[in-house]
Amino acid sequence: ERYFDGPRHLEVQILGDTHGHLLHVLERECSIQRRHQKVVEEAGSPLFLNGQNEAMRQEMFAAAIKAAKAFGYANAGTIELLYSEGKAYFIEMNARLQVEHPVTELTTGVDLIGWQLRIAAGEKLTLAQSDITRKGHAMEFRIYAEDPVKFFPSPGPLKVYRPPTGKEYVRLDSGYAEGDVVTPNYDPMIAKLIVTGADRTEVISRADAALSDFTIEGIKTNIPLHLRIVRDGVFQAGKLSTRFLEQHAKA
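Residues numbered from 1 in each chain as written. Predicted model: local features only at pLDDT ≥ 70, side-chain atom pairs only at ≥ 80, totals over all residues. Heavy atoms only, no water.

Broken down by element type, the protein chain carries seven helices and 12 strands. Taking 251 residues into account, the globule formula puts the C-alpha radius of gyration at 18 Å, and the protein chain, at 18 Å, falls close to it. A separation of at least 24 residues holds for 66% of the contacts in the protein chain among residues at least 6 apart in sequence. In the protein chain, 30 side chains carry a positive charge and 33 a negative one; their mean positions are 2 Å apart. (Helix = DSSP H or I, 4+ residues; strand = E, 2+ residues; numbered from the N terminus. Rg over C-alpha atoms; globule rule 2.2 N^0.38 Å. Contact = heavy atoms within 4.5 Å. Lys, Arg positive; Asp, Glu negative; His and termini not counted. Charge placed at Lys NZ, Arg CZ, Asp CG, Glu CD.)

Once that is clear, we can look at the sheet that holds strand 2 (residues 22–34). One open sheet accounts for eight strands, arranged 5-4-1-2-3-6-11-9; its pairing is antiparallel. Of all strands in the sheet, those bounded by a partner on one side alone are strand 5 (87–94) and strand 9 (170–174). The average angle at which neighbouring strand axes cross in this sheet is 25 degrees, direction not considered. Across six bridges, the pairing between strand 1 (residues 8–16) and strand 2 is antiparallel. Within strand 2, the position partnered with Ile14 by the bridge is His24. Relative to the sheet, helix 4 (residues 200–213) contacts strand 3 (37–43), strand 6 (137–144), strand 9 and strand 11 (189–197), its axis offset from that of strand 11 by approximately 140 degrees. (Pairing = 2+ DSSP bridges. Axes fitted to C-alpha atoms, helices over the stretch in contact; angles between N-to-C directions.)

With 34 residues, the main nonpolar core has Ile32, Phe141, Ile143, Ile216, Ile229 and Phe235 as its most contacted residues. Mapped onto this core, the elements with two or more residues apiece are strand 3, strand 6, strand 11, helix 4, helix 5 (223–230) and helix 7 (244–247). Each residue touching Ile32, except ones within four places of it in the same chain, is listed here: Gln37, Lys38, Val39, Val40, Ile229, Phe235, Leu240, Phe244 and Leu245. (Core = buried A, V, L, I, M, F, W, Y, C linked by side-chain atoms within 4.5 Å. Buried < 20%, exposed > 50% of the residue type's maximum accessible area, 1.4 Å probe, protein only.)

Take a look at the structure:
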């Protein structure tokens, strides 16, 4: 099997109905990972900003549609790829909606959850591929109950839980509230902080402010890690890889 030293992790969102209509909902980048677990995701990929590598991007889209058509896929799903030295390589298909779907929803206006339910009910997709365009940029930060340096789990009570609110460009997906207890029995993710903006630079600036305003006490979280990431010059330049956290954003 081919080995890639520091590739980028890209993915193509697709939607297909039971009537043979299939389309893609553009790409995301999920290269910021720890132990192959995604930490930060964004739409679109910095690799394709300002029209860069457009031929490669269209090739990815075509391959994703071809793969899903090959077995008549009907649902929301994601084709996952590794990108290295100008080429993209298939990893797997996730036949489901993914944690990072909000960055696609917020930049395309496509309600992925709504369409997934409508497809399951047998409805036809009324979207055309030409309807799918991106407006602005978005990033999602997975907020984990873990030590931001040693990465040990950090279960316990949420003595203070004050997420940033009141900003139209900030979305929070969370099932926790102040006073709840984070147990060691489930996934350590306690929230998803999604930030949008006109472009990647604005999103990074807004994310820095939103993360700084996110107050959690009683347990340790990886919010300090996210702040190190968004303040890192290499990240800001969009030079991402799956080995980013090994090489950058150190405490």
